[in-house]
Amino acid sequence: MPDLLEHHDVVDSGRLEALLHGDERPARVELRRQVARLELELGELFASAFPRGGIEYSVAPAGGPRMLGVGELEEVRDALAGRIADVRGILADRGYVEERNREFLERVIAEPEKYHWVRISNEDIGEPGCRHWHARPRLGLIGMLMGWWRIKLSSGCPLAQGRAASRTNSPQAFELQVAQAAQAPWLQAAPAAARRAVSGRGPQAR
Amino acid sequence: MAGEEEIAGLPAEGEAAPERGWVAPAVAGELPGLGLAWTTVEAKSGRSPRQVKERLRELSNRFHGGHAIQMRQRPIPWAYRVFFRQIGLDPDRTRTPIEELALQRMKEGHFKSQSQLDDALTIGIVETGVALRAFDAERVEGRLGIRASAPGESLEGRPGELPSGTLVIADERRPLALLFGATAEGRGVHPRTGRIMLVAMQVKGVPDISVEEALWLANACLTI
């Protein structure tokens, strides 16, 4: 990777002379280096965001494949920088909501009798998988009347291919999530946690 | 170990040194590191033999979701993403060859066997990360290279002229394909093709040895 990120001599020593002669090549070289660095940052964000879906990573193409001029490279760079800022913002918002949800989950687990019917999913706390915690009464109606509340932990993701694929956190379930995350630009539905981040609400009793 | 034995058992025909293509000086000056390498194989594409299908299965078992997620941070896939950005393509819309295959693997649960040529390209690309494609060697005139399209040029069988300056893979007469894009009609491999030209597209950050390995792997899978 370093050879794509390094500063070239032509940029450092020849920049002034080249600019004086109207040569834009050093500027293009420098812009390409910046694009490479920003692409690396975006890749790191993509990896760290998993399993969160619904995040837009794409940047408008500049009508390639062709050699781009300074202005077009600047547009690519600025669009990448803008996209990185957007993704960082979304992840920060979701991280905040997920952290609050984790704290809330600890309280629910500690005192389920205070949080009747509250249900918190893995998605709410930014974890992969379909597990959820549900504050429910023991023995149904009797438990409700007697105040016997407990946390019921779900068994995982629904079966994708019949009983043979019933293992919790199966590779198939994980890979499906990967495919969905990779297709993020086409995912329209924002996850529940993101919607809560926008509305400012925490997990609700369902 | 079974996989290693299979790799060791690949035939020696795949060891021919690849030829290097030309890059127009204007393009080479602007995009250093861009290159083309190819090797020609006397082979027809048809159904994959058992060994290639087994190799594909073994590759599917080794390639998991974690690989797909981390792929953008690995040097070679990242180098292609960077190059796509630098030539005005969005790699999230026009996917790099390795990412296209990774997405298919995740959606379908395995690398699906299609034909011997497709399987050979899949194996070469996934094992090394290097972008590969194929042409009908009988329809290529002279040496292959990369250049910008001239005004008025078009891609055979495709409507309209190419925008001037479009980067194309060309022989000494005409453009054969867009760089990382569509192939001109009749220049790709078809069922009657007897000689296949395997082409690796190298960008800055992709080492020569990976390019040679990609071609060697694809070549070997075609000559089993």
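Residues numbered from 1 in each chain as written. Chains lettered and ligands numbered in written order. Predicted model: local features only at pLDDT ≥ 70, side-chain atom pairs only at ≥ 80, totals over all residues.

### Quick word on the overall build of chain B
Here is step 1 of the chain: Looking only at helices and strands, one finds eight helices and eight strands in chain B.
Here is step 2 of the chain: Each of the three principal axes of chain B carries a C-alpha extent, and together these read 55 × 40 × 30 Å.
Here is step 3 of the chain: For chain B, the proportion of its 224 residues judged to be buried stands at 49%.
Here is step 4 of the chain: Of the contacts made within chain B by residues no fewer than 6 positions apart, 71% connect residues no fewer than 24 positions apart. (Helix = DSSP H or I, 4+ residues; strand = E, 2+ residues; numbered from the N terminus. Buried ≥ 20, exposed ≤ 12 C-beta atoms within 10 Å, placed from the backbone. Contact = placed C-beta atoms within 7 Å.)

### As for the overall build of chain A
Here is step 1 of the chain: Helix and strand counts for chain A come out as eight helices and three strands.
Here is step 2 of the chain: A buried classification covers 27% of the 206 residues belonging to chain A.
Here is step 3 of the chain: If you take every contact in chain A between residues at least 6 apart in sequence, the share linking residues at least 24 apart comes to 59%.

### Considering the interface of chain A and chain B
Here is step 1 of the chain: Contacts between the two partners involve 35 residues from chain A and, on the opposite side, 38 residues from chain B.
Here is step 2 of the chain: Where the side of chain A that touches chain B is concerned, the elements lending two or more residues are α1 (2–5), α4 (25–49), α5 (70–110) and α7 (171–182) of chain A.
Here is step 3 of the chain: Of all the elements, α4(A) adds the most residues to the side of chain A that touches chain B, at nine residues.

### Details of the nonpolar core
Here is step 1 of the chain: Within the largest apolar cluster, 88 residues are counted, with the highest numbers of intra-cluster contacts made by B:Leu132, B:Leu198, B:Val199, B:Ala200 and B:Ala218.
Here is step 2 of the chain: Sequence-distant contacts of B:Val199, that is, excluding residues within four places in its chain, are made with B:Leu36, B:Trp38, B:Leu132, B:Arg133, B:Ala134, B:Phe135 and B:Leu144. (Core = buried A, V, L, I, M, F, W, Y, C linked by C-beta atoms within 7 Å.)

### So, the packing of helix α6 (residues 97–108) of chain B against helix α7 (residues 116–128) of chain B
All names here are of chain B.
Here is step 1 of the chain: With their axes 9 Å apart at the nearest point, α6 and α7 run at an angle of 105 degrees to one another. Accordingly, the angle class assigned to the pair α6 and α7 is roughly perpendicular. Of the residues in α7, those touching α6 at Pro 97, Ile 98 and Leu 101 are Thr 122, Ile 125 and Val 126.
Here is step 2 of the chain: Class assignment of the residues belonging to the contact of α6 with α7 gives a composition of five nonpolar, one polar and no charged. (Axes fitted to C-alpha atoms, helices over the stretch in contact; angles between N-to-C directions. Parallel < 35°, antiparallel > 145°, perpendicular 65-115°, else oblique. Nonpolar A, V, L, I, M, F, W, Y, C, P; charged D, E, K, R; others polar.)

### As for the sheet that holds strand β4 (residues 131–136) of chain B
Residues and elements named next belong to chain B.
Here is step 1 of the chain: Within the open sheet, the four strands sit side by side as β1-β3-β8-β4. Their pairing is antiparallel. Because the sheet does not close on itself, it has two edges, and the strands there are β1 (19–20) and β4.
Here is step 2 of the chain: Along the sheet, α7 makes contact with β4 and β8 (195–202), crossing β4 at roughly 155 degrees. (Pairing = 2+ DSSP bridges.)

### A short note on α5(A)
Here is step 1 of the chain: Taking 1.5 Å as the rise per residue, α5(A) with 41 residues should run 60 Å; its terminal C-alpha atoms sit 59 Å apart, in good agreement.
Here is step 2 of the chain: The set of residues buried in α5(A) consists of A:Leu73, A:Val76, A:Arg77, A:Arg83, A:Val87, A:Arg94, A:Val97, A:Glu98, A:Asn101 and A:Val108. (Expected span 1.5 Å × (residues − 1).)

### Things to note about the sheet that holds strand β3 (residues 149–153) of chain A
All names here are of chain A.
Here is step 1 of the chain: Pairing within the open sheet is antiparallel, and its three strands lie in the order β1-β2-β3. Since the sheet does not close on itself, it has two edges, and those belong to β1 (119–121) and β3, each with one partner. Each strand of the sheet is rotated relative to its neighbour by a mean of 25 degrees, with strand direction disregarded.
Here is step 2 of the chain: Here five bridges tie strand β2 (residues 132–137) to β3, and the two strands are oriented antiparallel to one another. Paired with Ala 135 across the strands is Ile 151, a residue of β3.
Here is step 3 of the chain: In the packing of α5 onto the sheet, the strands contacted are β1, β2 and β3, and the crossing angle to β2 comes to about 30 degrees.

### Focus on the confidence of the model for chain B
As a note on interpretation, predicted positions should not be read in detail where pLDDT is low.
All names here are of chain B.
Here is step 1 of the chain: Within chain B, residue pLDDT values average 90, and 93% of them lie at 70 or more.
Here is step 2 of the chain: Ignoring residues within four places in sequence, the model shows residues 1–11, a span with pLDDT below 50, making seven contacts including any to other chains.
Here is step 3 of the chain: Our summary of model confidence lists the complex with pTM equal to 0.79 and ipTM equal to 0.85. (pLDDT = per-residue confidence, 0-100.)

### Focus: the packing of α4(A) against helix α5 (residues 75–86) of chain B
Here is step 1 of the chain: For the pair α4(A) and α5(B), interaxial distance at closest approach is 9 Å and the crossing angle is 130 degrees. Overall, the two elements α4(A) and α5(B) adopt an arrangement that is oblique. α5(B) is crossed by α4(A), and the crossing has right-handed handedness. Residues A:Arg32, A:Val35, A:Ala36, A:Glu39, A:Leu40 and A:Gly43 of α4(A) touch α5(B), and the partners they reach there are B:Trp78, B:Arg81, B:Val82, B:Arg85 and B:Gln86.
Here is step 2 of the chain: Classifying every residue of the contact of α4(A) with α5(B) by side-chain character gives five nonpolar, two polar and four charged. (Left-handed = near helix turned anticlockwise from the far one by under 90°.)

### Focus: the pairing of strand β7 (residues 175–178) of chain B
Here is step 1 of the chain: Two elements, strand β6 (residues 167–170) of chain B and β7(B), share three bridges in a ladder whose sense is antiparallel. When the sheet's bridge partners are listed, B:Val168 is paired in β7(B) with B:Leu178.

### Topic: unusual backbone geometry
All names here are of chain A.
Here is step 1 of the chain: With an omega dihedral of 10 degrees, the bond running from Phe 50 to Pro 51 counts as a cis peptide bond.
Here is step 2 of the chain: Mapping Pro 51 onto the fold places it in the loop between α4 and α5.
Here is step 3 of the chain: Going from Gly 64 to Pro 65, the amide bond is cis rather than trans, its omega being 5 degrees.
Here is step 4 of the chain: Look at Trp 117: it is not a glycine, yet its phi comes out positive at around 65 degrees.
Here is step 5 of the chain: Summarising the element assignment, Trp 117 is placed in the loop between α5 and β1.
Here is step 6 of the chain: Trp 117 sits in the partly exposed class, given 14 other C-beta atoms within 10 Å.

### What about the environment of B:Glu156?
Residue and element names in this part refer to chain B.
Here is step 1 of the chain: Position of Glu 156 relative to the elements: it lies in the loop between β5 (145–148) and β6.
Here is step 2 of the chain: Considering only alpha carbons, one finds Glu 156 and Thr 183, 27 residues apart in sequence, at a separation of 8.5 Å.
Here is step 3 of the chain: Residues within four places of Glu 156 in sequence aside, it is in contact with Ala 184, Glu 185 and Gly 186.

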